[in-house]
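# Residue-level structural notes
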Amino acid sequence: MRDFRDAKTMAKTLREALAARDIDIPHSQALEIVARQFGVETWNILSAKIEAKPPAGIAFEQAVPIVRIFDVPKAHEFYLGFLGFSVDWEHRYGENFPLYTQVSRGGLRLHLSEHAGDATPGGNMVVYMTGIRAFQKELIGKDYRYMKPGLEDEGTRLEVTVTDPFNNHIRFMELKD
């Protein structure tokens, strides 16, 4: 999940999205908008917060699973088209090299990799979330020909399980109150 330390990247993404709609804003204005989204008055205030040293001690951020893929169009059909993720960035060492990319949606980041040593196909991950009923309805509404996931009541949680074209399993879970 992105936080205030990603403000410059967020401003760049905002400018690119607006430019795709023929709306051009200066980078400084994009930074000011992002600062306000984080609840601070100006970019200068947010910038100072970014520059501040983190408190001493151990801290962890979200784990980002690496998911093995073999076919970029199939991966895009599933992760972008069906699950509704967006591409954050892509990397290749050159033409005709394997893809390594980050996709995200609603605070969840996944790395998709064609590199043989990065992950093993057939992995299983659990993603805790809220809004699982709406998410399941959204997926069913897309009428994806390869999957129509159900909503399972497991007592203390609701689950929607999907399997990508490379046999990687994602169990989306929402804990009940």
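That block above? That's the structure.
Reference entry: report on the structure contained in this document.

Rules of the game
Residues numbered from 1 in each chain as written. Predicted model: local features only at pLDDT ≥ 70, side-chain atom pairs only at ≥ 80, totals over all residues. Heavy atoms only, no water. Core = buried A, V, L, I, M, F, W, Y, C linked by side-chain atoms within 4.5 Å. Buried < 20%, exposed > 50% of the residue type's maximum accessible area, 1.4 Å probe, protein only. Helix = DSSP H or I, 4+ residues; strand = E, 2+ residues; numbered from the N terminus. Contact = heavy atoms within 4.5 Å. Phe/Tyr/Trp six-rings, centres within 6.5 Å; stacked < 30°, edge-to-face > 60°.

Let us now look at the nonpolar core. The biggest cluster of nonpolar side chains holds 26 residues, and the ones touching the most others in it are Y79, L83, V162, I170 and F172. Elements supplying a minimum of two residues to this core: α4 (72–82), β4 (108–113), β5 (124–128), α5 (132–141), β7 (157–163) and β8 (169–175). It is α4 that contributes the most residues to this core, four residues altogether. When near neighbours in sequence (up to four residues on either side) are disregarded, F172 contacts L108, V127, M129, I132, F135, L158, E159, V160 and V162. Core analysis: the next-biggest nonpolar cluster, separate from the first, contains twelve residues, A7, M10, A11 and L31 among them.

It is worth spelling out the packing of aromatic side chains at this point. This structure, assessed with the given rule, holds nine aromatic pairs. Judged by centre distance (6.3 Å) and plane angle (80°), the ring pair of Y79 and F85 falls under edge-to-face. Take Y79 and F85: they sit in the same class, and that class is buried. Cluster of aromatic residues (ring-pair linked, three or more members): F78, Y79, F82, F85, Y144 and Y146.

What follows covers unusual backbone geometry. The phi torsion at N96 lies on the positive side, around 60°, for a residue other than glycine. If you trace the backbone, N96 turns up in the loop between β2 (86–91) and β3 (100–105).

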